[in-house]
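# Architecture at a glance
Now for the letters of each chain:
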Amino acid sequence: MQRTDAVCIREVQRSIKQSVKKLLELKIEQLGVGHLFEIQEAQIKGPHGGLIIFQGMQNHTADSIKSLEGYDIAWCEEAQNISQRSLDLLRPTIRKPGSELWFSWNPNGPTDPVDNLLRGDSPPPDAIVVKANYSDNPWFPDVLREEMEYDRNRDKDKYAHVWLGEYMSRSHARVFSNWTVEEFERPEGTIFRLGADWGFAQDPTVLVRASIEGKRLYIDYEAWMIGCEIDQLPDLFDQVPESRKWFIVADSARPETISYMRSHGFPKITAAVKGPKSVEEGIEWLKSFDIVVHPRCVHTIDELTHYSYKTDPMTGDVLPILEDKNNHVIDALRYACEGARKAQRTRPERPARRRHYRQQGWMA
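Residues numbered from 1 in each chain as written. Predicted model: local features only at pLDDT ≥ 70, side-chain atom pairs only at ≥ 80, totals over all residues. Heavy atoms only, no water.

### Quick word on the overall build of the chain
Using the following cut-off: Comment: elements are numbered from the N terminus, with helices defined as DSSP H or I runs of at least four residues and strands as E runs of at least two. Only C-alpha atoms enter the radius of gyration, while the globule expectation follows 2.2 Å times N to the 0.38, with N the number of residues. Each residue is assigned to one of three classes by its accessible area relative to the maximum for its type, calculated with a 1.4 Å probe on protein chains only: buried under 20%, partly exposed between the two thresholds, exposed over 50%.
Helix and strand counts for the chain stand at 11 helices and 15 strands. Over its C-alpha atoms the chain spans a radius of gyration of 28 Å, topping by over 25% the 21 Å that the globule rule assigns to 364 residues. Projected onto its principal axes, the C-alpha positions of the chain cover 90 × 45 × 35 Å. In the chain, which comprises 364 residues, the proportion classed as buried is 40%.

### Things to note about the pairing of strand β6 (residues 100-103)
Here is the rule: Two strands form a pair only when DSSP identifies at least two bridges running between them.
Pairing geometry for strand β5 (residues 73-76) and β6, over four bridges, is parallel. Bridge pairing in β6 links I73 to E100.

### Some details on empty space enclosed by the protein
Summary: where empty space remains is shown by rolling a probe the size of a single water molecule over the atoms. What counts is decided by this rule: Definitions used throughout: a 1 Å grid over protein atoms alone; a cavity as a set of points that fits a 1.4 Å probe which cannot get out; a pocket as an open set with protein on both sides within 12 Å along at least five of seven lines; a lining residue as one with an atom within 4 Å of a point. Grid points are joined across faces, edges and corners, and a volume is the space filled by probe spheres set on the points. All amino acids are sorted into three groups, where Ala, Val, Leu, Ile, Met, Phe, Trp, Tyr, Cys and Pro are nonpolar, Asp, Glu, Lys and Arg are charged, and the leftover types, Gly among them, are polar.
All told, the structure shown has one cavity of 30 Å³ or more when counted by the stated rule. Considered as a void within the structure, the largest cavity measures approximately 90 Å³ in volume. As for the largest cavity, its lining consists of A272, V273, K274, S278, G282, W285, L286, R334, Y335, C337, E338 and R341. For the lining of the largest cavity, the elements supplying multiple residues, two or more each, are α8 (278-287), α10 (328-336) and α11 (338-346). The dominant element in the lining of the largest cavity, judged by the number of residues it contributes, is α8, at four residues. Taken together, the residues that form the lining of the largest cavity break down as six nonpolar, two polar and four charged.

### Concerning the side chain of S278
Here is the rule we go by: The contact criterion used throughout is that any non-hydrogen atoms of two residues lie within 4.5 Å.
In this fold, S278 is placed in helix α8. Those residues in contact with S278 that lie beyond four places of it in its chain are R334 and R341.

### Comments concerning the sheet that holds strand β3 (residues 44-45)
Strand pairing in a sheet takes place through backbone hydrogen bonds and is either antiparallel or parallel in direction. In space, the six strands of this open sheet follow the order β2-β3-β4-β1-β5-β6, with mixed pairing throughout. The sheet is open, and its two borders are formed by β2 (38-39) and β6, each paired with just one other strand.

### Some remarks on the pattern of salt bridges
For clarity, the threshold we go by: By definition, a salt bridge exists where a carboxyl oxygen of Asp or Glu is found within 4 Å of a side-chain nitrogen of Lys or Arg.
Counted under the stated rule, the structure contains 19 salt bridges. The shortest N-O distance in the salt bridge between K21 and E25 comes to 2.5 Å. Taken together, the residues span about one helical turn, with K21 and E25 both in helix α1 (residues 21-30) at a distance of four residues. With a shortest N-O distance of 3.1 Å, E166 and K131 are connected by a salt bridge. Here E166 is found in the loop between α5 (156-162) and β7 (179-181), whereas its partner K131 is found in the loop between α3 (113-119) and α4 (142-154), with 35 residues between them in sequence.

### Considering the sheet that holds strand β13 (residues 290-293)
Threshold: Between the N-to-C directions of two axes lies an angle of 0 to 180 degrees, each axis being a line fitted to C-alpha atoms and, for a helix, fitted only over the stretch in contact.
With mixed pairing, seven strands are arranged side by side in an open sheet as β7-β13-β10-β9-β8-β11-β12. Bordering the open sheet on either side are β7 and β12 (269-271), each of which pairs with just one other strand. The mean angle between the axes of side-by-side strands here comes to 25 degrees, regardless of whether they run parallel or antiparallel. Pairing of strand β11 (residues 248-250) with β12, which is carried by three bridges, proceeds in the parallel orientation. Residue pairing across strands places V249 opposite T270, the latter belonging to β12.

### Side note on the packing of aromatic side chains
Each aromatic ring pair is summarised here by two numbers: the centre-to-centre distance and the angle between the ring planes. Where we set the bar: Each aromatic pair joins two rings of Phe, Tyr and Trp (for Trp, the six-membered one) with centres within 6.5 Å, and gets the label stacked for planes under 30 degrees apart, edge-to-face for over 60, and tilted for any other angle. Two thresholds decide whether a charge sits over a ring: the Lys NZ or Arg CZ must be within 6 Å of the ring centre and within 35 degrees of the ring normal.
What the rule picks out here adds up to nine aromatic pairs. Aromatic pair Y134 and F140: ring centres 5.3 Å apart, planes at 40 degrees, arrangement tilted. Of the two residues, Y134 and F140, neither departs from the other in class, the shared state being buried. With a centroid separation of 5.7 Å and an interplanar angle of 85 degrees, the aromatic rings of F237 and F266 are classed as edge-to-face. Linking F237 in helix α6 (residues 233-237) with F266 in the loop between α7 (255-262) and β12, this pair joins segments that are 29 residues apart in sequence. Three or more aromatic residues joined by ring pairs form one cluster here, namely Y134, F140 and W163. Over the aromatic face of F192 sits the side chain of R209, whose NZ or CZ is 3.6 Å from the ring centroid. The ring of Y221 has R296 sitting right over it, with the charged end atom 3.8 Å from the ring centre.

### Concerning the packing of helix α9 (residues 298-306) against α10
The relative placement of two packed helices comes down to the angle between their axes together with the axis-to-axis distance. Inclusion rule: Between 65 and 115 degrees an angle is taken as roughly perpendicular, under 35 as roughly parallel, over 145 as roughly antiparallel, and anywhere else as oblique.
Packing of α9 against α10 leaves a shortest axis separation of 8 Å and a crossing angle of 100 degrees. The angle between the axes of α9 and α10 places the two elements in the roughly perpendicular class. When α9 is examined against α10, the residues H299, T300, E303 and L304 are found in contact with a partner set consisting of H328, V329 and I330. Its residues placed into classes, the contact of α9 with α10 shows three nonpolar, three polar and one charged.

### Points about the nonpolar core
Heads up, the rule is: Grouping buried Ala, Val, Leu, Ile, Met, Phe, Trp, Tyr and Cys residues that are joined through side-chain atoms within 4.5 Å yields what is termed a nonpolar core.
F176, L217, I219, I291 and L333 are the most contacted members of the largest nonpolar core, which has 25 residues in total. Listed by contribution, the elements that provide at least two residues to this core are β9 (204-213), β10 (216-226), α8, β13 and α10. Ranked by residues supplied to this core, first place goes to α10 with four residues. When residues no more than four places from it in sequence are discounted, the contact partners of L333 are V208, A210, L217, I219 and L286. Membership of the second largest hydrophobic core comes to 20 residues, among which are I53, M57, L90 and I94.

So, in structure tokens, the structure goes:
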């Protein structure tokens, strides 16, 4: 065998701890070939004098990159983060006869420079591109299989991106991923919680019915109408079974509408209590549940799908700011659960129990 020198590359590597060095050390140990390698602080010496080093591309310039000219392999891990500048520096540098460039990545989108290079319209003629997922890994551990199954059942977009290597949709900005659509009937004795949000010309008037069981929040009925006149409200609300029987918490912005509904067959309707950060706190509380939506609640499904955080138009980063759209059913749901949320917040705390978790990883 001949000597082989390799450089392991990331776009940003501020210290050796951010490299794949620890992963390679683990694999050397697991494969029982430790006698062939010398593990040093910043590099690994291999058989026949070979060397493995670890570099960050952002640290390189057109002059400094020349130090890699004699390497046989350049492995770019997390290559979806490699910039076009880094690719332009690296590709002509690794040019030793028989040398290879390796890229491993989970694509964010077709505009990723590495994805455009290797899966675009004109990939290099000698490129070999292999799509490899968990199903191709014969050593896929049970602990990760459980996580994979959890994502598949709970968040289809996340499952497709993380486990199947599909492009990331705008799901990274979605507020809710903790929901499923299922046929169900709530048992006798269920306590229902109803919430209402007012609209008219462009925004819908909404009534939604929910119930809570443990850490599951069920949504089984909704009423939804754009352009609903005030005298049409009772008929609209009657589309939700027993809506005159149960307490309804409604948007406090329309006290005259609440008063009208009280005098027209809905005496238990009350105004929501709003306050600073009430929207954000309410949303985070809803996200702590597994939400189950009946398929007849089509507008609820639509909003849970599209309700999102704002994104930075220049970087695409998700901002901690909620979009004020696709949220009328969501607002009604927050109002419906207002009492339960406040009761949970004021409940005396139980002594905390210590829990210990172990996280394992794998490499294909």
